[in-house]
Amino acid sequence: MRRLLLLLLLLLLPALSQAQITQRDWALQLIDSLGWSFGLPEKPTDADYTQMLGGSRVYRIEAEETHQRADRVAVMKFATFGPFSGEGWLSGSKDRSLAQLKFNLPHSGRYRISARVRLAEHHLIFGTRDFRMSGGDQFTDVKVGFVELQAGPQAAILQLQPNGSIDYFELAAEPFGPIMPEGGWQFDAELTAEVVARTTVQALNLQRNLPKAEKVTRLEAESLPLAEGSRLYTDKNKGEASAGGYVRIGAAPLAFNFSVDSNRGEVVDLVLRAASSRPVRVKIPDRLETRLQFGPRFEDRLLGTFFVPPTGMDVEVMLPAGAAIDLLELHPRRADNADLGRLVGLDVTKVSLPRDLNNLSALIYRLKEIR
């Protein structure tokens, strides 16, 4: 039924006048063209569309909200066993208890499972995959394992040992980058050519093909507050440092947080310069989680090309012991409305929205695998 409604929307778009087409109409068409409509619940809301296009793939499944009425478990709300999230937690009986946790998963992917449980030897079962979860006498955060899941309705079987408890389990996969107008979705607002061009580029991850601009911004590691366990160096043992200095990590891993706020609203290539014998982890919320290999001397690594939101964004670099970091470099790309439109074959000054939307939807459908 959901697929039929989306198909009817596509067929009706040419009959709508430009003033009748909203951002919601286009968001639905984007979701369908990308093949994501199976991840929508039966009665989707604007919040579901926002989550679907928001970039993050981290979903917390509250046990007390998703178990079934017939399950022989109880919802508790006291904090004797430690803090809990949501409105409560699920407690088993004096015997082994089974519960079926039903929820909707917006996106397919390989998910890392973690959970918050109390007591040992509980089981969380997805199809043929049986994961064990063991906590302590108090609620304990535990790593569970990895599972491949397809978007759509899910049913996980929870087996609690006598008197055991669970607060939630969490599914986390790598983000894919947000698809949204500048400033976020306003679903009731009239759709504009600028919104169409920007979100089409994001949907196909084409921003790396925008023309380069000349300005380069350098965020020097030595300009950040020097954390305990790190030291500033000015030698050339790691190679030439960009401003004559760099930071080296001591015996314990350290995180560096770069704030990208001078390039708000722009599209930038992010390049990290570091040296390390072990992988360096990089996280940009909703946009990137990766591990990078560097050599013993300074090397540049391209993190990717990103739309910087109007609020700016943070780049967290987790460096292992003994690593060195020089800077994060920002290379902007030209990304005005004409540049974005030209990249997807849309003249933003001469737009026939119904016809152009159908053409762009077909383009997204054909090229979605390049994301």
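Because the structure is predicted, anything quoted here is derived from the model rather than measured.

J.: Please give an account of helix H3 (residues 46–53) that cites residues and values.
T.: Buried within H3 we find Tyr49, Met52 and Leu53. Buried residues of H3 fall within an arc of 85° about the axis and therefore sit on the same side. In this structure, the buried side of H3 is in contact with helix H2 (23–33). Taken from the residues just after H3, Gly55 is the one with a positive phi, measuring 105°.

J.: How would you summarise unusual backbone geometry if you had to cite specific residues and measurements?
T.: We note that Asn163 has phi near 65°; this positive angle belongs to a residue other than glycine. Tracing the backbone shows Asn163 in the loop between strand E9 (152–160) and strand E10 (165–173). The phi dihedral of Asp286 falls on the positive side, at around 70°, and the residue is not glycine. One can find Asp286 in the loop between strand E16 (280–284) and strand E17 (288–292).

J.: Account for the packing of H2 against H3, with residues named and values stated.
T.: Where H2 meets H3, the axes come as close as 11 Å, and the angle between the chain directions of the two elements is 50°. Overall, the two elements H2 and H3 adopt an arrangement that is oblique. Remark: the crossing between H2 and H3 carries left-handed chirality. Contacts from Arg24, Ala27, Leu28 and Ile31 of H2 reach H3 at Asp46, Tyr49, Met52 and Leu53. Taken together, the residues that form the contact of H2 with H3 break down as six nonpolar, no polar and two charged.

J.: Can you lay out the pattern of salt bridges for me, pointing to particular residues and giving the numbers?
T.: Inspection of the entire model under this criterion finds 16 salt bridges. Notably, a salt bridge pairs Lys215 with Glu266, separated by 3.5 Å at the nearest N-O pair. Here Glu266 lies in the loop between strand E14 (254–260) and strand E15 (267–275) and Lys215 lies in the loop between helix H5 (193–203) and strand E11 (217–220), a separation of 51 residues in the sequence. A single salt-bridge network, built from bridges that share partners, covers Arg24, Asp46 and Asp188.

J.: Go over the side chain of His122, please, and point to the residues and values.
T.: Within the fold, His122 resides in strand E6 (residues 122–126). Within the structure, the side chain of His122 is placed 2.7 Å from the backbone oxygen of Arg118, a separation counted as a polar contact. Among the polar contacts listed, one links the side chain of His122 to the backbone nitrogen of Gln161, at a separation of 3.1 Å. Here His122 is in contact with Val117, Phe131, Arg132, Met133, Gln159, Leu160, Gln161, Gly164 and Ser165, once residues within four sequence places are set aside.

J.: An account of the packing of aromatic side chains is requested, with residue identities and associated values reported.
T.: With the rule as written, the count across this model stands at 13 aromatic pairs. Aromatic pair Trp89 and Phe139: ring centres 5.3 Å apart, planes at 80°, arrangement edge-to-face. Highlighted residues: Trp89 in strand E3 (residues 89–91) and Phe139 in the loop between strand E7 (129–133) and strand E8 (140–149), separated in sequence by 50 residues. Feature note: the residues Phe78, Phe81, Trp89 and Phe139 constitute an aromatic cluster, connected by ring pairs. In this structure, Arg60 is placed above the aromatic ring of Tyr168, and the distance from its NZ or CZ to the ring centre is 3.9 Å.

J.: Hey, could you go over the sheet that holds strand E4 (residues 97–105) for me, with residue numbers and the actual values?
T.: Strand order in the open sheet formed by four strands is E4-E9-E6-E7, with antiparallel pairing between adjacent strands. In the strand order of this sheet, the two ends are held by E4 and E7, each with one partner. This sheet shows a mean twist of 25° between the axes of neighbouring strands, independent of strand direction. In terms of strand pairing, E6 meets E9 through three bridges, oriented antiparallel. Bridge pairing in E9 places Leu124 opposite Leu158.

J.: How would you explain the sheet that holds E17 if you had to name every residue and give the values?
T.: In space, the four strands of this open sheet follow the order E14-E19-E16-E17, with antiparallel pairing throughout. Strands at the two margins of the open sheet, each flanked by one partner only, are E14 and E17. Between one strand and the next, the sheet's axes are offset by a mean angle of 15°, whatever the strand orientation. Sheet topology places E16 next to strand E19 (residues 313–319); three bridges connect them, and they run antiparallel. Paired with Lys283 across the two strands is Glu316, which belongs to E19.

What counts and how
Residues numbered from 1 in each chain as written. Predicted model: local features only at pLDDT ≥ 70, side-chain atom pairs only at ≥ 80, totals over all residues. Heavy atoms only, no water. Buried < 20%, exposed > 50% of the residue type's maximum accessible area, 1.4 Å probe, protein only. Helix = DSSP H or I, 4+ residues; strand = E, 2+ residues; numbered from the N terminus. Arc of directions from axis to C-beta. Contact = heavy atoms within 4.5 Å. Axes fitted to C-alpha atoms, helices over the stretch in contact; angles between N-to-C directions. Parallel < 35°, antiparallel > 145°, perpendicular 65-115°, else oblique. Left-handed = near helix turned anticlockwise from the far one by under 90°. Nonpolar A, V, L, I, M, F, W, Y, C, P; charged D, E, K, R; others polar. Salt bridge = Lys/Arg side-chain N within 4 Å of Asp/Glu carboxyl O. Polar contact = N/O pair within 3.5 Å; in protein donor to acceptor, adjacent residues only side chain to side chain. Phe/Tyr/Trp six-rings, centres within 6.5 Å; stacked < 30°, edge-to-face > 60°. Lys NZ or Arg CZ within 6 Å of the ring centre and 35° of its normal. Pairing = 2+ DSSP bridges.

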